[in-house]
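# Examining the three-dimensional arrangement
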2 protein chains.
Amino acid sequence: MTQPALFPRKAPRQSRSAATVSAILEAAAHILDQRGLEGYNTNAVAARAGVSIGSLYQYFPGKDALTVTLIRRDHEALLAALAAAVERTRGARLAEGLAALARVAVDHQLDRPRLARLLDIEEDRLPISRDSHATIAAIAAQVETFLEQHLAPPDREHLTVTAADLLAIARGIIDTAAQGPIPDRHVLARRVRWALAGYLEQMNGSSPGAGRGVQPRP
Amino acid sequence: MTQPALFPRKAPRQSRSAATVSAILEAAAHILDQRGLEGYNTNAVAARAGVSIGSLYQYFPGKDALTVTLIRRDHEALLAALAAAVERTRGARLAEGLAALARVAVDHQLDRPRLARLLDIEEDRLPISRDSHATIAAIAAQVETFLEQHLAPPDREHLTVTAADLLAIARGIIDTAAQGPIPDRHVLARRVRWALAGYLEQMNGSSPGAGRGVQPRP
DNA sequence: ACCTGAACACCGTTCAAGT
DNA sequence: ACCTGAACACCGTTCAAGT
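A few points on the structure. (Residues numbered from 1 in each chain as written. Chains lettered and ligands numbered in written order. Predicted model: local features only at pLDDT ≥ 70, side-chain atom pairs only at ≥ 80, totals over all residues. Heavy atoms only, no water.)

### Focus on the interface of chain B and chain A
Stated formally: Only heavy atoms enter the contact rule, under which two residues are in contact if any of them lie within 4.5 Å. Defined in terms of a 1.4 Å probe, buried area is the accessible area two parts forfeit on being brought together, summed over both. Should a side-chain nitrogen of Lys or Arg be within 4 Å of a carboxyl oxygen of Asp or Glu, the pair is scored as a salt bridge. For this analysis, a polar contact is any N or O atom pair within 3.5 Å, provided that within protein one partner can donate a hydrogen and the other can accept it, and provided that sequence-adjacent residues contribute only side-chain to side-chain pairs. For the purposes of this entry, the term helix denotes a DSSP run of H or I that reaches at least four residues, the term strand denotes a run of E that reaches at least two, and both are numbered from the N terminus. Under the scheme applied here, ten amino acids are nonpolar (Ala, Val, Leu, Ile, Met, Phe, Trp, Tyr, Cys and Pro), four are charged (Asp, Glu, Lys and Arg), and all others, including Gly, are polar.
Tallying the contact residues gives 26 residues for chain B and 26 residues for chain A. Of the roughly 2500 Å² buried at the junction of chain B and chain A (both faces included), carbon and sulfur atoms supply 60%. On the chain B side of the interface with chain A, the three residues burying the most area are Asp124, Trp194 and Gln202 of chain B, jointly 25% of the side's total. Seen at the junction of chain B and chain A, the total is two salt bridges. Taking the shortest distance from any N to any O, the salt bridge between aspartate 165 of chain B and arginine 191 of chain A comes out at 2.6 Å. Taken together, chain B and chain A are joined by six residue pairs in polar contact (both at pLDDT 80 or more). Secondary-structure elements contributing two or more residues to the side of chain B that touches chain A are helix H6 (113–125), helix H8 (156–179) and helix H9 (185–206) of chain B. Element by element, the count of residues in the side of chain B that touches chain A is highest for H9 of chain B, at twelve residues. Its residues assigned to classes, the side of chain B that touches chain A comprises eleven nonpolar, seven polar and eight charged.

Quick look at the structure:
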């Protein structure tokens, strides 16, 4: 019943082993992107990385731990892009800020669409580990910071739920759109912006008690 | 490279074999709901259904075909509930209708939350087969019908995209919320309603050329 | 027409032997 | 400290033999 750990087994201590870990991760991303989940197996990853299967298991306790590391790296890239956008639009109007966030989310997903989609699928399937949770929380915190900058201070509880919903809405639209033929970034970003702005506006107007505090800054 | 078919191999012709198929599907749903994807394997399904593994493969060409059948049944239940709600709210105001749709979506997901979530995960992973596509299209068509009833006629192209986005938004919020502790249905439905109404309102207001036609009925 | 279950294949993982 | 690859275990799938 004890399931295998989902974090790297140990950190590499010598430069050659650091290279091994890098090669394994790069091979894993490449195979996922090129061959999909069907062709994604540990033997193929080890072969492409040019190491033996034993070496892979020296650094990763299992296939899922490898996948989780790819997911965390992907999240960290999104976090960096998001933080930059939040910083950049600090003085801007809400609509402009939301447009920037929508663009970041769309660009992130469409950079390597297949890999991004498969990592999302695996993320849904896998339990969230400790440090994955930290990165996800940091992403949500960026959205909360953005809301604090562009809205009058509502109560904390709502800020958290609101940030989570905005992220879920963006992900829902982008993931669904990305299942079909590659969509136009600009059009897709506009649809995401509509959804985000609309949610905020509705929340503001619909719930007299709860939403009162969420007002655009003067 | 030719991947196995994802539809049932053949229809049962005798009553005992119909019972076999039913037992297999029921066992599959039960195991998914109780043991998760980890415990979901064809040997366990056959054992719980009380049939040999060979019988399972007589009716389903593979594990994924079994899963796809569960997904299609789930979609058909959603379609029926959605069609009833669309019919029921035909004369109602837009806000009331959206609230009804949000409730249908939330109730459907929270009926058997774990099973619903795992089927969603598998649905993302699996290619959409012919008749799965038909059911999904029928669900989207219900949303389009709803929009036609409650909004002034916009152009067709936009109706399709709008319906798809509304579904994606609802799914994004509900799936994400359902990952954590079981959320309150009423609160969750309200968040979904906000998101749906907000998207429609934004689309209406933000895009002078494209959105002009989407106006609430007088 | 339907059912059975041993056998096979593939792939995740381990471990004894190396450098 | 790191690497190797044969061996093992689990599970999806097939197929020859039944009723």
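Picking up where we left off.
### Details of the packing of helix H1 (residues 15–39) of chain A against helix H4 (residues 63–88) of chain A
What describes two packed helices is the angle between their axes and the distance between those same axes. Residue and element names in this part refer to chain A. Our working rule: Angles shown run from 0 to 180 degrees and are taken between the N-to-C directions of axes, each axis being a line fitted to C-alpha atoms and, for helices, limited to the stretch in contact. If an angle is under 35 degrees, it is roughly parallel; if it is over 145, roughly antiparallel; if it lies from 65 to 115, roughly perpendicular; otherwise it is oblique.
As a packed pair, H1 and H4 sit with axes 10 Å apart at the nearest point and diverge in direction by 85°. Regarding the angle of H1 to H4, the classification is roughly perpendicular. Contact with H1, carried on its side by Ile24, Leu25, Ala28, Ala29 and Leu32, involves Leu66, Thr69, Leu70 and Arg73 of H4 and no other residues of that element.

### Description of the packing of aromatic side chains
Worth spelling out the cut-off: Any Phe, Tyr or Trp ring, taking Trp's six-membered ring, that has another such ring centre within 6.5 Å forms a pair; planes under 30 degrees apart are called stacked, those over 60 apart edge-to-face, and the others tilted.
According to the stated counting rule, one finds two aromatic pairs over all chains in the structure shown. Taking the centre distance of 6.1 Å and the plane angle of 75° together, the rings of tryptophan 194 of chain A and tyrosine 199 of chain B count as edge-to-face. Remark: tyrosine 199 of chain B occurs in helix H9 and tryptophan 194 of chain A occurs in helix H9 (residues 185–206); the pair is interchain, linking two chains.

### Describing the nonpolar core
Definition in use: Buried Ala, Val, Leu, Ile, Met, Phe, Trp, Tyr and Cys residues that are joined via side-chain atoms within 4.5 Å together make up what is termed a nonpolar core. For every residue, the accessible area (1.4 Å probe, protein chains only) is compared with the maximum for its type, and the residue is labelled buried under 20%, exposed over 50%, or partly exposed between those bounds.
With 67 residues, the main nonpolar core has Leu147 and Ile169 of chain A together with Leu147 and Ile169 of chain B as its most contacted residues. Setting aside its immediate chain neighbours within four residues, isoleucine 169 of chain B contacts Ile169, Ile173 and Ala195 of chain A together with Ala195, Leu196 and Tyr199 of chain B. Counting 28 residues, the second-largest nonpolar core is a separate cluster that includes Leu6, Tyr40, Ala46 and Ala65 of chain B.

### Observations concerning empty space enclosed by the protein
What counts, and what does not: In this analysis the probe radius is 1.4 Å and the grid spacing 1 Å, with only protein atoms considered; a cavity is a set of points the probe fits into but cannot get out of, a pocket is an open set with protein on both sides within 12 Å along at least five of seven lines, and lining residues have an atom within 4 Å of a point. Grid points are joined across faces, edges and corners, and a volume is the space filled by probe spheres set on the points.
In total, this model carries three cavities of 30 Å³ or more according to the counting rule given. What lines the largest cavity is a set of 20 residues, among which Asp124 and Arg171 of chain A together with Asp124, Arg171 and Asp175 of chain B lie closest to the centre. Residue composition of the lining of the largest cavity, grouped by class: four nonpolar, six polar and ten charged. Considered as a void within the structure, the second largest cavity measures approximately 80 Å³ in volume. Residue lining of the second largest cavity: Val68, Ile71, His75, Glu123, Leu126, Pro127, Ile128, Ser129, Ser132 and Ile136 of chain B, and that is the complete set. Elements with a minimum of two residues in the lining of the second largest cavity: helix H4 (63–88) and helix H7 (130–150) of chain B.

### Some thoughts on the side chain of aspartate 175 of chain B
Residues and elements named next belong to chain B. One can find aspartate 175 in helix H8. Among the polar contacts made by the side chain of aspartate 175, one reaches the side chain of glutamine 109 at a distance of 3.2 Å. Aside from chain neighbours lying at most four places away, what touches aspartate 175 is Gln109 and Asp120.

### Structural notes on the pattern of salt bridges
Residues and elements named next belong to chain A. All told, the structure shown has 20 salt bridges over all chains when counted by the stated rule. Note that aspartate 64 and arginine 125 form a salt bridge whose closest N and O atoms lie 3.1 Å from each other. Separated by 61 residues along the polypeptide, aspartate 64 in helix H4 and arginine 125 in helix H6 (residues 113–125) bring together distant segments of the chain. Given a relative accessible area of 26%, aspartate 64 falls into the partly exposed group. When the shortest N-O distance is used, the salt bridge between glutamate 122 and arginine 125 registers 2.7 Å. Of this pair, glutamate 122 and arginine 125 both sit in helix H6, three residues apart, which is roughly one turn of that helix. Accessibility expressed as a relative area gives 6% for glutamate 122, which makes it buried.

### A short note on the packing of helix H5 (residues 94–111) of chain B against H6 of chain B
Residues and elements named next belong to chain B. Close contact between H5 and H6 brings their axes to 5 Å; oriented N to C, the two are set at 100°. By the angle between their directions, the pair H5 and H6 is classed as roughly perpendicular. Contact with H5, carried on its side by Gln109, Leu110 and Asp111, involves Pro113, Ala116, Arg117 and Asp120 of H6 and no other residues of that element. Looking at the contact of H5 with H6 residue by residue, the class counts come to three nonpolar, one polar and three charged.

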